[in-house]
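Residue strings, one per chain:
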Amino acid sequence: MTAPHSSDQPNIERPLNVIVATDCGSTTTKAILIEKVETEYRQTYRGEAPTTVEAPFEDVTRGVLNAIAEIEELSGRTILDGDRIITPNQAAQGHPKTGVDIYVSTSSAGGGLQMMVTGVVQNMTGESAQRAALGAGAIVIDVLASNDGRLPYEKIERIRTMRPDMILMSGGTDGGAVTHVVEMAEYIAAAEPRPRFGSTYRLPLVYAGNKDAQPQVKTILGDKTALEFAENIRPVLERENLTPARNKIHDLFLEHVMQQAPGYKKLIEMADAPIMPTPAAVGVIMETIAKREGINLIGVDIGGATTDVFSVFNGVFNRTVSANLGMSYSISNVLAEAGLDNIMRWVPFTIDEQSLRNRIKNKMVRPTTIPQTLDELQIEQAIAREALRLALIHHKSLATGLKGVQQERTISDVFEQRTSGKTLIDLLKLDLIVGSGGILSHAPRRIQSMLMMVDAYEPLGVTTLSVDSIFMMPHLGVLSTVNEQAATDVFVRDCMVYLGTCIAPIGQGKDGERCTDYDLAFPDGRIEKGTLTFGDLKLFALTREQQATVTMQPAKQVDLGNGPGQSFTATMRGGVVGLMLDGRGRPLQLPSDQAARVAALTRWDQTVGLYPTTGSEL
Amino acid sequence: MAHSYTPGLTVTERTTVRRRRILPLPGTVLVKVGETVHADTAVARAELPGKVVPLNLANQLGIAPDEINDYLVKKEKELVQKDEVLAENKPFIKWFKTEIRSPVGGTVESISTITGQVLLREPPRVLELRGYIDGTIAEVHPEQGVTVETTCSLVQGIFGIGGETNGELVVGVTAPDQPLLPERLTPSMKGKIVIGGSFLPAAAMARAKEIGVIGLVVGGIHDKDLRALLGYDLGVAITGTEQVGFTLILTEGFGTIPMAPKTFALLSAHAGQKASISGATQIRAGVIRPEIIIPQTSPSAGARVSLVEREGIQLGDPVRIIRDPLFGKIGAVSGLPSELRMIPTESEVRVLEVRFPDGTSTVVPRANIEVIEGA
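Residues numbered from 1 in each chain as written. Chains lettered and ligands numbered in written order. Predicted model: local features only at pLDDT ≥ 70, side-chain atom pairs only at ≥ 80, totals over all residues. Heavy atoms only, no water.

Draft legend 1. Geometry of the sheet that holds strand S11 (residues 125–130) of chain B. All names here are of chain B. Spatially, the three strands line up as an open sheet ordered S2-S4-S11, and their pairing is antiparallel. Since the sheet does not close on itself, it has two edges, and those belong to strand S2 (28–29) and S11, each with one partner. Pairing of S2 with strand S4 (residues 42–48) involves two bridges; the strand directions are antiparallel. Across the sheet, the residue bridging to Val29 is Ala44, located in S4. (Pairing = 2+ DSSP bridges. Helix = DSSP H or I, 4+ residues; strand = E, 2+ residues; numbered from the N terminus.)

Draft legend 2. Spatial organisation of the packing of aromatic side chains. Residue and element names in this part refer to chain A. Taken as a whole and assessed by the stated rule, the structure comprises five aromatic pairs over all chains. For the ring pair Tyr207 and Phe229, a centre distance of 5.9 Å and an interplane angle of 85° mean the geometry is edge-to-face. One end of the pair, Tyr207, is in strand S10 (residues 204–207); the other, Phe229, is in strand S11 (residues 226–229), with 22 residues separating them in the sequence. The exposure class of Tyr207 is buried, given its relative accessible area of 0%. (Phe/Tyr/Trp six-rings, centres within 6.5 Å; stacked < 30°, edge-to-face > 60°. Buried < 20%, exposed > 50% of the residue type's maximum accessible area, 1.4 Å probe, protein only.)

Draft legend 3. Region of interest: the interface of chain A and chain B. Contact residues are listed per partner, giving 75 residues for chain A and 73 residues for chain B. Scanning the region where chain A abuts chain B turns up 13 salt bridges. The salt bridge partner of Lys361(A) is Asp223(B), with a shortest N-O separation of 3.1 Å. Among the elements of the structure, helix H1 (60–75), helix H3 (152–162), helix H4 (179–191), helix H9 (331–338), helix H11 (353–365) and helix H12 (374–398) of chain A are those that each provide at least two residues to the side of chain A that touches chain B. Along the lines of polarity and charge, the residues of the side of chain A that touches chain B split into 31 nonpolar, 22 polar and 22 charged. (Contact = heavy atoms within 4.5 Å. Salt bridge = Lys/Arg side-chain N within 4 Å of Asp/Glu carboxyl O. Nonpolar A, V, L, I, M, F, W, Y, C, P; charged D, E, K, R; others polar.)

Draft legend 4. Seen up close, the state of the cysteines. Residue and element names in this part refer to chain A. A full pass over the atoms with the stated rule returns zero disulfides over all chains. Here Cys515 is not disulfide-linked; the sulfur of Cys502 is the nearest cysteine sulfur, at 11 Å. Of the residues examined, Cys515 reaches a relative accessible area of 2% and is grouped as buried. (Disulfide = S-S within 2.5 Å.)

Draft legend 5. Examining the sheet that holds strand S20 (residues 527–533) of chain A more closely. Residues and elements named next belong to chain A. Reading across the sheet, the four strands line up as S20-S19-S22-S23 and stay open at both edges, with antiparallel pairing between neighbours. Each edge of the sheet is formed by a strand with only one pairing partner; in this case those strands are S20 and strand S23 (568–573). The mean angle between the axes of side-by-side strands here comes to 20°, regardless of whether they run parallel or antiparallel. The pairing of strand S19 (residues 514–521) with strand S22 (residues 547–554) spans six bridges and is antiparallel. The residue of S22 that forms the bridge with Ala521 is Thr549. (Axes fitted to C-alpha atoms, helices over the stretch in contact; angles between N-to-C directions.)

Draft legend 6. Looking closely at unusual backbone geometry. Going from Thr87(A) to Pro88(A), the amide bond is cis rather than trans, its omega being -10°. Checked against the element boundaries, Pro88(A) lands in the loop between strand S5 (84–85) and strand S6 (102–107). Note that the residue after Arg586(A), namely Pro587(A), is joined by a cis bond; omega there is -5°. Looking at the secondary structure, you find Pro587(A) in the loop between strand S24 (578–583) and helix H17 (594–608). You will see that Lys77(B), though not glycine, has its phi angle at about 75°, which is positive. One can find Lys77(B) in the loop between helix H2 (68–71) and strand S6 (79–80). For Lys77(B), a relative accessible area of 57% puts it in the exposed group. A positive phi angle, close to 70°, is found at Asp83(B), a residue other than glycine. Tracing the sequence through the fold places Asp83(B) in the loop between S6 and strand S7 (85–88). Residue Asp83(B) is classed as partly exposed on the basis of its relative accessible area of 45%.

Draft legend 7. Representation of helix H16 (residues 484–495) of chain A within the structure. Every buried residue of H16(A) is accounted for by Ala486(A), Ala487(A), Asp489(A), Val490(A), Phe491(A), Asp494(A) and Cys495(A). Looking at where H16(A) begins, the residue whose side-chain oxygen comes 3.2 Å from the main-chain nitrogen of Gln485(A) is Asn483(A). (Polar contact = N/O pair within 3.5 Å; in protein donor to acceptor, adjacent residues only side chain to side chain.)

Draft legend 8. Broad picture of the nonpolar core. One finds Phe159(B) and Leu248(B) to be the most contacted residues of the largest nonpolar core, which totals 116 residues. Setting aside its immediate chain neighbours within four residues, Phe159(B) contacts Met364(A), Val365(A), Leu226(B), Leu234(B), Ala237(B), Thr239(B), Leu248(B), Ile249(B), Leu250(B), Phe254(B), Thr281(B) and Pro290(B). Tyr41(A), Ala281(A), Ala290(A) and Phe491(A) belong to the second-largest nonpolar core, a separate cluster that totals 39 residues. (Core = buried A, V, L, I, M, F, W, Y, C linked by side-chain atoms within 4.5 Å.)

This is the structure we're talking about:
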């Protein structure tokens, strides 16, 4: 595992044999117990409890203690002494089932870190600043720039009304003009920004712009904000330097913002390592997987309030937070953004609009409930598909090359209309999709997680899919900062579940038309030959340990990565779900007629065994 | 599960509540500890900084930014009237004189020789913070505000819109499962808070607005009616600043759901009394639920009643089922099996048994109930 962004590393001297880690989500606090079994670390027990930022407790540590108490009950280990976590483990004193060696935690329960960023040119320093903030685990609530089209007074009003937790200022290359940066500083000073929490503390502000403007910025903002300087995030036009600003944001988050949320001060005292914002911790894991395997990946963590998307393409890491796309607190916003029709297209039955709207709103106001009936589960999984889809669109728009930079072109580029700042997300070059978050990790059948991601992302060609088995990537992200071996052992053995591989030919055709011929040679000698027609979804058993040789001969307008009509051969592994051939067309085609759509969804569901045919009764 | 925490809404005849009244920025506290205040009493005051108007003088005068001090008539921190000359050039020929007049009245906030900008600030706006509830000042937070305490009846709703208000409670229906139809709203309800039953149709919302009802407390509404009322689709439950003509509080949720009998009985018992209500809802960190506070004026009201901190769910606790297929049904906990149970979705979850007043019972996931708190 790689090192985290934080600049203050914990220094734990004692041997770590028993570890308890929590993630305080916006809805649920999840706890896991990790124990060293002989030479290897394993995740042994888990517990969860509602996050208690709500009255009557309004103290996040209450939910932490409840989740740990559940682990105590299941494991028979005594971890708590009242409200205190017993550390270190008491094995040496003859009590092998008492105490843990370390407690670590991540958190996104405070509603996240809401930041406003400023730049000079919106799609240059403005976007670089946005990427720096997003990479630090923040939700960017607005990007102000000199050329954003808003009048000065509108900018000032915006800063006044948004009440961000922190501001990141960027703009200008080192040695360049200072006027526009100073102008923005003047607007911020005039707005007298107030933080969301606490009326007496000063708003943290990180200045990471043209270093020549630092003295002026200090004069203008030094008394009005808790001003910190970081290296310029765009020192020259062709290069981004995001890490120093990210580290500074993370430090200020711990120092100022987190302490304002209910109970965090206590949580910080309880933990043996700095509390990491959940998205930052998941980002650490995603970067590590991509680096270790040398692959391109997209990771997603779909939570109650936000959906975080991570990508690593050709070694470039990007992260975005879709602040109000989530499955509990912001579920209603998914409806508002996606529209009812887009959600309904995934529901394999008919339901009247009023009933669906009321159900979604009821989930919004009581976010900790779970679907009890099959139709409720299907509705939530339909909404999840749209949240995933919208969050990826958002991610694509931000995960781009540097804008405003002159590109060197070769003769082969002459006929290609390429602009600077093109998205880095190329689904045809995508190797792996990693899913995390309650709706994906806790789906009753793994095929449900796989199909939700396939439907939302529409992967092209050959793509492997995996899921965080029980939602523990955040815990492992923060754990990797204190014990890399423990985090890696548990990640490989207990966390990452390979679902399988999806082969999705690119092209469209009428239902029943030939899409591609396939020839699958399985390791046990079995051969599956046939024709995948448009509108077909096929699933073959193939485990992660097995490798199948796949040969495809697509129809002339269909592409599998080698060009239209070109044959394709590769060996690939499966997973707990297997090998999926997706002939539903790319872009994905769903019948527009209601009855035909329900029939198609039902047929696909039955083909892959998506849902139980008869519900288990309580 | 000794520690298990289940979310709950409080419905209680008698409790003591404290409400922090904090200014958005430092100001002056107007009351003292022990002082009796009313909902409308101003307890603190602050001056909200006025609007800022930026003027790029360097551009307007066609000069370099570092020259603007030579042209300014007004200095930093100096008062300026609307249309008063702020800056001017001094040409040899008077005809070519350019005068920059102030577009607003206020103060010259800052002058920048780097950007050539002058920032003008309009006069501050006075913000008076009200007491919100009838009670006594329990604490003063210097320069920030106060904490008001009162002994009261308290009902927490699940969702609301609109800000704080206060007025007399009137009951608009005869039973908790009756919808509050428009014909039940009469002109005598002007300025009052009307208690409904299971449902508030869009026509009744329009009628309430027309009459001038200040608050509505009902079991449920349809989401589409809320959208029509607000004029937009509410994406995230952070409310309290809406101005739709009244404050609306839902006690149960969205749809037609009878108000919990205990809630209806409590509110009905206080018909004719003054109540303070707030529709502000924030279902995220530091959750805020809408509330109805009915201060008690009886002689015994002085005795402080403290809320007992609940330690997990117990047999016999009154609960509301908060998810389909039995959404809105109210019963009591009759069993707390500890083992995980498979539900129709195939998820294995912790469950509990609920017995309904008619003697029937059901088993539901523990996540899908909420405790109706309060003695």
